[in-house]
Amino acid sequence: MAPRALSQTDTSCDSPGSSPDDRALWGPVVEELGAAGFRPVSFEPLAGDVSARRYARLRLESGEQFVVCAYPGDMADVASRFLSATELLNSAGVPVPGVERHSLAGIVWILLEDLGPQTVFDRWEGGGLNPAALDRCLTEAVAHIGRIQLLSPDSVRALGSPPLDRDLLMAELDLTWERFLEPRGLVRNRTLAEQLRALCSAVCERLGSAVPVPCHRDFMVRNLMLRPSARQGAEAEVVVIDHQDLRPGPPHYDLASLLNDSLALSAGQRRGHLAVLGEDVDEFALYNAAVAQRMLKIVGTFAHFAALGNDRHLPLIRPALRRFFDALDALPEGRELAPRLRREWTALAGERPGAPA
């Protein structure tokens, strides 16, 4: 989780943390690190996202660098779940940040491998990845999804996160309703609101009726980083972060998130990575249902972040809505309503209906 928070600032670089509460938190953490034998040359609190976790970069006399993730005392269970999920993913051959040391008693902290300030998304958006390099990252990430799905379902359930089932999927869309659709007047038409509610229920029912598989739950380019290879000339390794919410979920949910969340890919760019679905119509329907639910869900999440003062995800809302419309077009239950939603919502948003994704 820590590398994600480091990169999710308003620039492509880390930025200092400034909360007085954060500064008070770090004193005991530094003392514990010193007692454990770590000799800091510098300790730099870093700005994160809206999470209650706090992050800092630790530079040692030896020249080593680490990321420290500190948790409030009542989140020790979350830290423990992160460590357990790390072990599970390591056992499946899924690269995750290395854990150097941790403490779950008193002050809760985890000392992690420092993977730098940029996610794959940051590199792509900033021009640090060309299309071929992004495609390679996505190919490797799809392989990681396959490894995650091979995990024992019982071991994933034992982590304690609730399954991403029909009820939870629907609850996520209820939040989008409250945080985004209603405040912007997008469901003020009663008939449209009822039709959309029924459609959301049908999409979640389709997803919830499928046999669940282990999934990351937030598998996107903003949660992927690159680890330089130790071998000269070899490609950097794609590393998965923010994995403490590993849980059972719908088939293809991680794939839908990877290929649609935050990325404006063309249909051609997606096509090659969808080969894992084969030619099965039902599998594509599950994928498109996952895209529809995920895209509408993250619209609400981004709106919620903005309400809490972190508005840098707002530019991702319109592309997410366009992907939502596209996914509905590909679903039998969504084809009738999708054109109306596309027409009315884009008009209310001041956007040209045919604007490219």
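Here's what I pulled together on the structure shown here. These numbers were taken from a predicted model, which means no experiment stands behind them. (Residues numbered from 1 in each chain as written. Predicted model: local features only at pLDDT ≥ 70, side-chain atom pairs only at ≥ 80, totals over all residues. Heavy atoms only, no water.)

**Some remarks on the environment of R147**
Its place among the elements puts R147 in helix α5 (residues 131–149). Residue classification places R147 among the partly exposed residues on the basis of a relative accessible area of 32%. Measuring from C-alpha to C-alpha, the distance between R147 and G93 comes to 7.1 Å, with 54 residues separating the pair along the chain. Not counting chain neighbours up to four residues away, the residues in contact with R147 comprise A92, G93 and V94. (Helix = DSSP H or I, 4+ residues; strand = E, 2+ residues; numbered from the N terminus. Buried < 20%, exposed > 50% of the residue type's maximum accessible area, 1.4 Å probe, protein only. Contact = heavy atoms within 4.5 Å.)

**So, the packing of aromatic side chains**
Aromatic ring pairs are reported here in terms of the distance separating the ring centres and the angle at which the planes meet. Evaluation of the coordinates by the stated rule reveals four aromatic pairs. Pairing F38 with F66 gives two aromatic rings, centres 6.2 Å apart and planes at 80°, and the pair type is edge-to-face. With F38 in the loop between α2 (20–35) and β1 (40–46) and F66 in strand β3 (residues 65–71), the pair connects residues that are 28 residues apart, well separated along the chain. You'll find F38 and F66 in the same group, each marked buried. Residues F325 and W345 carry aromatic rings whose centres are separated by 6.0 Å and whose planes lie at 55° to one another, so their mutual orientation is tilted. Of the two residues, F325 is situated in helix α12 (residues 317–329) and W345 in helix α13 (residues 338–348); the sequence distance between them amounts to 20 residues. (Phe/Tyr/Trp six-rings, centres within 6.5 Å; stacked < 30°, edge-to-face > 60°.)

**Side note on the packing of helix α7 (residues 166–181) against helix α8 (residues 190–209)**
Running from N to C, α7 and α8 point in directions that differ by 150°, and their axes come no closer than 8 Å. Relative to α8, α7 is oriented roughly antiparallel. In the crossing of α7 with α8, the sense of the turn from one axis to the other is right-handed. Contacts from R166, L169, M170, L173, D174, W177 and L181 in α7 reach A193, L196, R197, C200, S201, C204, E205, L207 and G208 in α8. (Axes fitted to C-alpha atoms, helices over the stretch in contact; angles between N-to-C directions. Parallel < 35°, antiparallel > 145°, perpendicular 65-115°, else oblique. Left-handed = near helix turned anticlockwise from the far one by under 90°.)

**Examining the environment of A236**
With respect to the secondary-structure elements, A236 resides in the loop between β7 (224–227) and β8 (237–240). Here the alpha-carbon distance between A236 and L226, two residues 10 residues apart in the chain, equals 5.7 Å. What A236 contacts, discounting residues up to four positions off in sequence, is R136, E140, L226, R227, P228 and S229.

**Quick word on helix α9 (residues 253–260)**
Along α9, eight of the eight residues are buried, which leaves the element largely enclosed by surrounding structure. Looking at α9, one finds that the buried residues are Y253, D254, L255, A256, S257, L258, L259 and N260.

**What about the side chain of R247?**
Within the fold, R247 resides in strand β9 (residues 247–249). At 3.0 Å, the side chain of R247 and the backbone oxygen of D245 are in polar contact. Aside from chain neighbours lying at most four places away, what touches R247 is V156, S161, P162, P163, L164, L168, V213, P214, C215 and R217. (Polar contact = N/O pair within 3.5 Å; in protein donor to acceptor, adjacent residues only side chain to side chain.)

**Quick notes on the nonpolar core**
Ranked by size, the top nonpolar core spans 78 residues in total, and within it L196, L246, L258, F324, L341 and W345 carry the most contacts. Examining the composition of this core, we find that 13 residues originate from one element, helix α11 (residues 281–307), more than from any other. Apart from residues no more than four positions distant in its own chain, L341 is found in contact with L192, L196, F324, F325, L328 and T346. Counting 13 residues, the second largest nonpolar core, distinct from the first, contains F38, A56, L60 and F66. (Core = buried A, V, L, I, M, F, W, Y, C linked by side-chain atoms within 4.5 Å.)

**A look at unusual backbone geometry**
A negative phi holds for most residues other than glycine; trans holds for most peptide bonds. Positive phi values are uncommon outside glycine, yet R217 reaches one of about 90°. Inspection of the secondary structure assignment puts R217 in the loop between β6 (213–215) and β7. Judged by relative accessible area, R217 falls into the buried class, the value being 15%. For S262, which is not a glycine, the phi torsion comes out positive at approximately 80°.

**A closer look at the pairing of strand β4 (residues 99–103)**
Of the strand pairs in this sheet, β4 and strand β5 (residues 108–113) are connected by four bridges, and their pairing is antiparallel. The residue of β5 that forms the bridge with H102 is I110. A loop of four residues connects β4 with β5, the two strands running antiparallel in sequence, and G106 in this loop sits at a positive phi of about 70°. (Pairing = 2+ DSSP bridges.)

**Topic: the pattern of salt bridges**
Applying the stated criterion across every chain, the model contains 22 salt bridges. A salt bridge links R157 to D154; the nearest nitrogen and oxygen atoms lie 2.3 Å apart. Here R157 and its partner D154 are both found in helix α6 (residues 153–157), three residues apart, which amounts to about one turn of the helix. Overall, the relative accessible area of 52% leaves D154 in the exposed class. In this structure, the salt-bridge partner of R217 is E172, at a minimum N-O distance of 2.3 Å. You can see R217 sitting in the loop between β6 and β7 and its partner E172 sitting in helix α7, a full 45 residues away along the chain. As far as the burial class goes, R217 and E172 line up, both buried. Where salt bridges share partners, they join D218, R222, D261 and R294 into one cluster. (Salt bridge = Lys/Arg side-chain N within 4 Å of Asp/Glu carboxyl O.)

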